Structure formats: structure tokens, C-alpha cells
Amino acid sequence: QVQFVESGGGLVQPGGSLRLSCVVPGFTFSSYPMSWYRQAPGKERELVAAIALTGGNTKYADSVKGRFSISRDNAKNVLYLQMNSLKPEDTAVYYCNAGYTFPVYNYWGQGTQVTVSS
């Protein structure tokens, strides 16, 4: 069973930045599009960003467009999410998965908590 390991979250002030990382031990990382999701309390999990196999194509939720940037380093087997100009409404647990439009796997890692508050 594939394991997703997210890290990099924390408590930041509005306007601050964080960079999240995702590693998938034992996974053929470079063979799949990858994506970031988030889930805030009381809300459904939503797609935040996705990236194609080699990073040539990306997409973002309207709410984060222009502020977040997804990237991948296939040589190091790491997926990143650079988050700038963070807002309180970005507060959520962030998860990674394979896939571009929908998650390939119907289970999730522990996620990493992002809290944006003054």
C-alpha cells in the first residue's frame, strides 16, 4: 500500500509563506501526475493544485491561483507546494496524492496542518 508523507506545515501569520513537501516511499513517483488537496474543518476535501508528469502542465483552484505554486523534483522524488500571501481561509490539513483531476488512491496520508492566524 502506498504511503503519502506530507511535511512543512505550521503556524504562520497572514501574508506569510510556507513550503510543503510530499514524499512517497517505495512509489514510482515519476510515473504519475501529482496533486495537493486540503480539508478545512467542516468542509469537504478539495483539490488545491496538480502537476503533470514532468511539470509542464499545472492547475490551481481559483482561490489559490497566483499565490500557490506546485512543483516536483522527480530526481529527488519530492513534490512541493509553495504557498505565499497566506490567508486565514487557507487554514486546513494539506494532503498529497497521485492524479491530476481526481485522486488515484482512495486513502490518504496523515497530512500536514497549516494554520494561518495572527
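Before any of the text, the structure's been laid out above.
The following refers to the structure shown. (Residues numbered from 1 in each chain as written. Predicted model: local features only at pLDDT ≥ 70, side-chain atom pairs only at ≥ 80, totals over all residues. Heavy atoms only, no water.)

1. A look at the overall build of the chain
Argument step 1. Helix and strand counts for the chain stand at zero helices and 10 strands.
Argument step 2. Starting at the N terminus, the α and β elements of the chain follow one another as β-β-β-β-β-β-β-β-β-β.
Argument step 3. In terms of its C-alpha atoms, the chain occupies a principal-axis envelope of roughly 40 × 25 × 25 Å.
Argument step 4. A burial count over the chain gives 42% of its 118 residues as buried.
Argument step 5. Look at the contacts in the chain between residues 6 or more apart in sequence, and 54% of them connect residues 24 or more apart.
Argument step 6. Split by element, the accessible area of the chain, about 6,200 Å² in all, is 47% carbon and sulfur. (Helix = DSSP H or I, 4+ residues; strand = E, 2+ residues; numbered from the N terminus. Buried < 20%, exposed > 50% of the residue type's maximum accessible area, 1.4 Å probe, protein only. Contact = heavy atoms within 4.5 Å. Areas by Shrake-Rupley, 256 points an atom, 1.4 Å probe, with all protein chains shown as cover.)

2. Some remarks on the pairing of strand S8 (residues 78–83)
Argument step 1. Across the six residues that make up S8, a large majority, five, are buried.
Argument step 2. Bridge count between strand S3 (residues 18–23) and S8: five bridges; the pairing is antiparallel. Across the sheet, Arg-19 pairs through a bridge with Gln-82, a residue of S8.
Argument step 3. Counted between consecutive antiparallel strands, the loop separating strand S7 (residues 68–73) from S8 contains four residues, among which Asn-77 sits at a positive phi close to 60 degrees. (Pairing = 2+ DSSP bridges.)

3. Some thoughts on the sheet that holds strand S9 (residues 92–98)
Argument step 1. An order of S2-S10-S9-S4-S5-S6 is seen for the six strands of this open sheet, with the pairing classed as mixed. Strands with a single pairing partner mark the edges of an open sheet, and in this sheet they are strand S2 (10–12) and strand S6 (58–60). Recorded for the sheet is a direction-independent mean angle of 25 degrees between the axes of neighbouring strands. (Axes fitted to C-alpha atoms, helices over the stretch in contact; angles between N-to-C directions.)

4. Considerations on the environment of Trp-108
Argument step 1. Within the element layout of this structure, Trp-108 appears in the loop between S9 and strand S10 (112–116).
Argument step 2. Sequence spacing of Trp-108 and Asn-97 is 11 residues, and the spatial spacing of their C-alpha atoms is 7.3 Å.
Argument step 3. The contact partners of Trp-108, leaving out residues within four places of it in the chain, are Tyr-37, Arg-45, Tyr-95, Cys-96, Asn-97 and Pro-103.

5. Structural notes on the pairing of S9
Across a regular strand the side chains alternate sides, sitting on one face of the sheet and then on the other.
Argument step 1. Summarising burial for S9: seven of the seven residues are buried, a large majority.
Argument step 2. In the sheet, strand S4 (residues 34–39) pairs with S9 via six bridges, with the strands oriented antiparallel. Looking at the pairing, Trp-36 lines up with Cys-96 of S9.

6. So, the state of the cysteines
Argument step 1. Inspection of the entire model under this criterion finds one disulfide.
Argument step 2. Here Cys-22 engages in a disulfide with Cys-96; their sulfurs sit 1.9 Å apart. Looking along the S-S bond of the Cys-22-Cys-96 disulfide, the torsion reads about 55 degrees, which is the right-handed sense. Here Cys-22 is found in strand S3, whereas its partner Cys-96 is found in strand S9, with 74 residues between them in sequence.
Argument step 3. For Cys-22, a relative accessible area of 0% corresponds to the buried category. (Disulfide = S-S within 2.5 Å.)

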